[in-house]
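Okay, here's what each chain looks like letter by letter:
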Amino acid sequence: MHDNLDESYVSAKLQLDELYSYVKSLLMSYQSATTGLFSCTNEAHVRDSVYCAAALWSLGLAYKRINDDKGRQFELEHCTVKCMRGILTCYMRQSSKLEKFKSSQSPENALHCKFDAWSGDAIIDGHPHLQQDVVALFILYLVQMVSSGLEIVYSTDEVAFIQNLIYYLERSYRVPDYGMWGRGSKYNNGNRELHASAIGAAKAALESANGFNLFGKRHGAPWSVLWVDMDAHGRNRTVVSTLLPRESVSKNTDASLLPSIGYPFFSTDDDELCEQTLKKLKGELEGPYGFKRYLGDGYMTEAEDKSRRYYKPAEIKHFYGVECEWPIFIIYCMINAVYSEKSNEVAYYDEKIEALLWKSKNSEFLVPRFYYVAQSDGDADKNEAGSVEHRCSFELPDEHPVFLWGQALYIISRLLLKNLISSHEIDPIRRHVPHNEQHGVSMRYSAFQGVTGETTIQVVLIAESAALQAQLSTYGISTQTPNQVEPVQIWPSQELVKVYEHLGVMQSLGLSGRPNRPIGSLGTSKVYRILGSTVVCYPLLFDVGDFYMAFDTQILLDEIKHTMRFINKYWQMPERPIFVAILREDVMKLDRLGPTLEMLNAFKRGEWQGVKVRVGKIQSFIGSTVIEHLEFVRHGNQGLHESFFEPFLETSEQNLHGRLRRATASYGNIHELGDPEAEMESVKIYEIGEVKEIETALDKYHSPEALSYLLSVLLRRGRQNFNADACQRHAGRAYRIAAHQKKWDLVRKMACLCEKTVDSLAPAISNILVKGREVTLGVFNHEEFVISNPLAPSEIKNILYTICSKHNEYEACLQQELVLHVSAAMTDHAELFEGTLRVRVGWLIHAMKLQLGEDTKIYSLSPSDIKELMMDVLTLCDKQCPVPWLKMRQINGALNKVPHGFYQKVWSVLRCSSHGLVINGEELPQQPTISDMTPHETTWFKLVEEKFSSIQEPVYRHVVVETLVVIGTILERDSSLEFDLRVDVDDVIKTAVALHATENHAESDGTQLESLYHLDRLSLSKYICRSVVTSLLQCKVNLDADSQCVIG
């Protein structure tokens, strides 16, 4: 037995020494002596360097098992540290970019991912550096390596900088980047996309970093801890799970998903989704020589023009079938198989990679970067995939001597396969196991661990006054007031934002702390220890100073329901969340009391809307919820003290001390000052008054109607002619009074004048976008802004108040309401948006006006009535009562609905029309369109939708849709048909109008379209079909009564 152990030890030592020589020759010889980065040239890529460092670190861990390692473990570990610190130093020299990126996530503010290997200077060569996965990879391995005992981070300045890298990654869910390959969309035309692989990598890095102490287990202190916004992490998690199994809008799948969903990131929480993604990836991309990066990838193919950075339209058609195959992804599959303990897969991929290795002149086996198809063999390989032998990248004259990324990964795989190291050792933070099994991970002040069962939300009911508390007690509802929870303090979430502004401050490099972003509902579900005080925060939805929707009781209850469901679904802490509900006198008035009492009684019963709750006092919940110790506030911020923050105070106490009521308090004590009718009668004299007179008069009037009138007069004089600050103050006063009085038209008008925006607007738009839709903002039949990629809140605000306000004084705010409602409905009732690719908010308002029957009354409706009206419009066609055909077409046209399979039918029409297709004067050419795209990709759908955007009448839009369905159906019935003429849809409709007029003995020049709008589907399809025969086919087609050339 002892002899066997000796033999095993000797064998392991020999294998390690052999791998060390291999690493010394193929990796360490390419490490820069100055920066520590790895490169075969003077151009070092961060990704290559991190993987090389990971290989050295892994080999160093393996040497820990050997007694006499001849100093190799020390050398390997310190070469690893040198590389990681070199990358950190390079990043820190770009701190100005990092600071700008926190507020504007544009490519020019992105951290560079390539540096000069000798000097560490950023390489500025036009390379698309916005690649989120690179920063995520660095953070992930930094945490892994420190967890294993390496000392990489030396100072609090470095801790602060890495905290700013966390901010860099937190918004990945709404940052379109260029992806792992630096090419953006598959068309390589400079367009960026949201990539599931990049967002998944960011999510994994955030999970790894949360609560982690960068100084390590022995030397860690409270101020060397990394903090992650739970809500930002939750949004990344939601977006990546929505995108998968796709990689992006243009890419059905991509090999970059392999390291994202598997080693090293292990980003997915859903095993079924992971398997679905892998199945699609392997089925579409795996070949005999490795994996294609993605379908249509022209990189390093013989057909690619290397002199151009971007491709021309339709150029990718030359690359289908001849894409290079990359062996490195075989190694990823093999390592993933090791983690999933699939021995057959391990053996299969091991045999496959061994057959593809390239033997160098020094008899060293190298991992090729890719295998490519020679130009002379291109046609043969396209006709029969795999029929010709591919050539190795090492045969190319300019190929680097070593593919560092692949070689490093190969070394890690050898260590695993030879059992020289375990899969747990190179994943000390246990990314490869489910969150709820990640127990005992050291050096964490906080961690996303998940829960094994359903979450029970601990609800604390806070009455804003003793009077309200007494009123509620008569209904059997027990509450606490702010005074009764002392010494615990209750804060608005905005006060917590002020705390986090001090996290990551590094004045020497010009870095501020956390950006001024709202704290989400997950962040307010914890208890905080700040400057010796225990603090709880209430969610933003209770902050009536935020946006006027909080004044609508039904909307408030809906928001509470949505928030509690969100917490229940995405809470990933072992302790229970705490939910502080602020009950205000305004909400608890008799005419609004019923629904609120229903919710409160459900809380008492322990369940509401499918969510388990437990109601109690704050003091009783402190021990069972998450407590975050924000010690960074004390460290390095001696000037910061408790009086800097403003807790939520009891109403009577605020009045007693004569303080101005906070913006976060309710407006229950605002009385109607002045008679609106009398004030409106007297205020009209200022219509022709001087600006100074009007500004003075603003102080004399108190009704929102009069204030609104005066402000409108001033605005007509031009903003440059009056005191803008004073007007904003009076507009805010009118807004608050109108909100208290529930005069919603005035509320919206004054909110627009104050340019208010709701904090959850940007996440709501992102939620719509990741579900494969686009959003347009703008007033109906005026200019629109198409949002196809997530935008920062400031950009969205600028769009709303630039293109909406000049055409309508209400819609900048009304459109915000609808964006929130659409986002929620798309999550809860996705079926309502089937067939809608582009949500045109101005057109949705137009549809709601059609349903309402009055043009202006819509602005006077409460936010909850607006939501109900929107749902009525969305479900109109599902109702049992008959809808007139004209109204149905008007509504569906305004909703931009198309039937199932519509875009494929349009593709059929274009394929059979060599002269192209015309929609409302907008030409869609056959080439390069059908060569550049496929009929099932989202890019094609968006192109068709773009051609529809010039149509101004919703009803006509829908008739165009019906016409294209009919033409597509004709072509499906007879695939041999082709159009000799250009298919002009407008001409087809005009001919149908003329045919209808002839049959009904009416005169028509083809422009009286109203005659078609009232026809039922079948009747309209018959006229369209006859028009197609007459104007395009010049032949006879029999059309019976059972024809299916209609929208189903």
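Residues numbered from 1 in each chain as written. Predicted model: local features only at pLDDT ≥ 70, side-chain atom pairs only at ≥ 80, totals over all residues. Heavy atoms only, no water.

Peer 1: Whenever I open this one, the overall build of the chain confuses me. Can you help?
Peer 2: Scanning the chain from N- to C-terminus turns up 39 helices and 23 strands. When the 1048 residues of the chain are sorted by exposure, 60% land in the buried category. Sequence-distant contacts, at least 24 apart, represent 74% of the contacts inside the chain between residues at least 6 apart. Entry remark: accessible area of the chain is about 41,600 Å², with carbon and sulfur atoms responsible for 49%. (Helix = DSSP H or I, 4+ residues; strand = E, 2+ residues; numbered from the N terminus. Buried < 20%, exposed > 50% of the residue type's maximum accessible area, 1.4 Å probe, protein only. Contact = heavy atoms within 4.5 Å. Areas by Shrake-Rupley, 256 points an atom, 1.4 Å probe, with all protein chains shown as cover.)

Peer 1: What exactly am I supposed to notice about the sheet that holds strand S11 (residues 489-492) here?
Peer 2: Sheet strands line up and pair through hydrogen bonds in the backbone, either parallel or antiparallel. What the four strands build is an open sheet, ordered S11-S13-S12-S17; its pairing is mixed. Both outer strands of the open sheet, S11 and strand S17 (627-629), are each paired with one neighbouring strand and no more. With strand direction ignored, the average angle separating the axes of adjacent strands in the sheet is 35°. Pairing geometry for strand S12 (residues 527-530) and strand S13 (residues 533-538), over four bridges, is antiparallel. If you follow Arg 529 over to S13, its bridge partner there is Thr 534. (Pairing = 2+ DSSP bridges. Axes fitted to C-alpha atoms, helices over the stretch in contact; angles between N-to-C directions.)

Peer 1: In this structure, what is going on with the pairing of S12? I would like to understand it.
Peer 2: Two faces belong to every sheet, and in a regular strand the side chains alternate between them. The hairpin turn running from S12 into S13, its antiparallel successor, is two residues long, and Leu 531 in that turn takes a positive phi close to 50°. Pairing between S12 and S17: three bridges, direction parallel. Across the sheet, residue Val 527 finds its bridge partner in S17, namely Ile 627.

Peer 1: Is there a simple way to explain unusual backbone geometry in this structure?
Peer 2: Working note: non-glycine residues mostly have negative phi, and peptide bonds are mostly trans. A cis amide bond links Leu 244 with the next residue in sequence, Pro 245, at an omega value of 10°. For Pro 245, the location among the structural elements is in the loop between helix H9 (230-243) and helix H10 (257-261). The residue after Gln 927, namely Pro 928, is reached through a cis peptide bond having omega 10°. Inspection of the secondary structure puts Pro 928 in the loop between strand S22 (922-924) and helix H34 (929-932). Phi angles above zero are rare outside glycine, and Asn 419 is one such case at about 55°. Positive phi, normally seen in glycine, also occurs at Asn 896, with a value near 60°.

Peer 1: Can you walk me through the nonpolar core in this structure?
Peer 2: Nonpolar side chains in soluble globular proteins tend to be buried together. Grouped together as the largest cluster of nonpolar side chains are 148 residues, with contacts concentrated most on Tyr 91, Phe 138 and Tyr 141. When residues of this core are assigned to their parent elements, the largest contribution, 13 residues, is made by helix H2 (residues 46-63). Filtering out sequence-adjacent residues up to four positions away, Tyr 91 remains in contact with Val 46, Leu 111, His 112, Phe 115, Val 134, Val 135, Phe 138, Phe 161 and Leu 165. Counting residues in hydrophobic clusters, the runner-up holds 84 residues, among them Ile 694, Ala 731, Tyr 810 and Val 841. (Core = buried A, V, L, I, M, F, W, Y, C linked by side-chain atoms within 4.5 Å.)

Peer 1: Help me out: how do you make sense of the pairing of strand S16 (residues 611-615) in this one?
Peer 2: As paired elements, strand S10 (residues 456-463) and S16 share four bridges and run parallel to each other. Bridging from a neighbouring strand, Thr 456 pairs with Lys 612 of S16. In terms of strand pairing, strand S15 (residues 607-608) meets S16 through two bridges, oriented antiparallel. Paired with Glu 607 across the bridge in S16 is Lys 612. Hairpin connection from S15 to S16: two residues lie between these consecutive antiparallel strands, with Gln 609 at a positive phi of about 55°.

Peer 1: Please clarify how the confidence of the model for the chain should be interpreted in this entry.
Peer 2: Caution applies to low-pLDDT parts of the model: their predicted coordinates are not meant to be read in detail. Counting all residues, the mean pLDDT for the chain is 86, and 90% of those residues have values of 70 or more. Counting contacts from residues 439-443, a segment whose pLDDT is below 50, to residues more than four positions away or on other chains yields eleven contacts. A low-confidence stretch, residues 1035-1048 (pLDDT under 50), is modelled with 27 contacts involving residues beyond four sequence positions or located in other chains. (pLDDT = per-residue confidence, 0-100.)

Peer 1: Help me understand the environment of Glu 585 in this model?
Peer 2: As for its placement among the helices and strands, Glu 585 is situated in the loop between strand S14 (578-583) and helix H19 (593-605). With a relative accessible area of 31%, Glu 585 lands in the partly exposed category. Setting aside its immediate chain neighbours within four residues, Glu 585 contacts Glu 464, Ser 465 and Leu 468. Of note is the side chain of Glu 585, whose polar atom sits 2.7 Å from the side chain of Ser 465. (Polar contact = N/O pair within 3.5 Å; in protein donor to acceptor, adjacent residues only side chain to side chain.)

Peer 1: Which parts of the structure should I look at to understand helix H3 (residues 72-92)?
Peer 2: Two residues of an α-helix separated by three or four positions point the same way, owing to the 3.6 residues in each turn. Between its first and last C-alpha atoms H3 spans 30 Å; for 21 residues at 1.5 Å apiece the expected length is 30 Å, and the two agree. For H3, the buried fraction is high: 16 of the 21 residues fall into the buried class. (Expected span 1.5 Å × (residues − 1).)

Peer 1: What am I meant to see in the environment of Cys 912 here?
Peer 2: As for its placement among the helices and strands, Cys 912 is situated in the loop between helix H33 (902-911) and strand S21 (917-919). Counting along the chain gives 66 residues from Cys 912 to Glu 978, while the straight-line C-alpha distance between them is 4.8 Å. Beyond its immediate sequence surroundings of up to four residues, Cys 912 is in contact with Gln 926, Leu 971, Leu 977, Glu 978 and Phe 979.

Peer 1: Got a minute to help me understand the packing of H3 against helix H6 (residues 156-170) in this structure?
Peer 2: To characterise two packed helices, one gives the angle between the axes of the helices and the distance between these axes. At their nearest, the axes of H3 and H6 sit 11 Å apart, and the two run at 75° to each other. The angle between H3 and H6 places the two elements in the roughly perpendicular class. Here Arg 85, Leu 88, Tyr 91 and Met 92 of H3 come into contact with H6, specifically with Glu 158, Phe 161, Ile 162 and Leu 165. In terms of residue class, the contact of H3 with H6 is built from six nonpolar, no polar and two charged. (Parallel < 35°, antiparallel > 145°, perpendicular 65-115°, else oblique. Nonpolar A, V, L, I, M, F, W, Y, C, P; charged D, E, K, R; others polar.)

Peer 1: Explain the packing of aromatic side chains here, please?
Peer 2: For any two aromatic rings, the description comes down to two numbers: the centre-to-centre distance and the angle of the planes. Scanning the model with the defined rule gives 38 aromatic pairs in all. Plain terms: the ring middles of Trp 326 and Phe 403 are 6.3 Å apart, the flat faces sit at 70° to each other, and that makes the pair edge-to-face. Of the two residues, Trp 326 is situated in strand S5 (residues 325-326) and Phe 403 in the loop between strand S9 (391-392) and helix H15 (404-417); the sequence distance between them amounts to 77 residues. With respect to class, Trp 326 is no different from Phe 403; both count as buried. (Phe/Tyr/Trp six-rings, centres within 6.5 Å; stacked < 30°, edge-to-face > 60°.)

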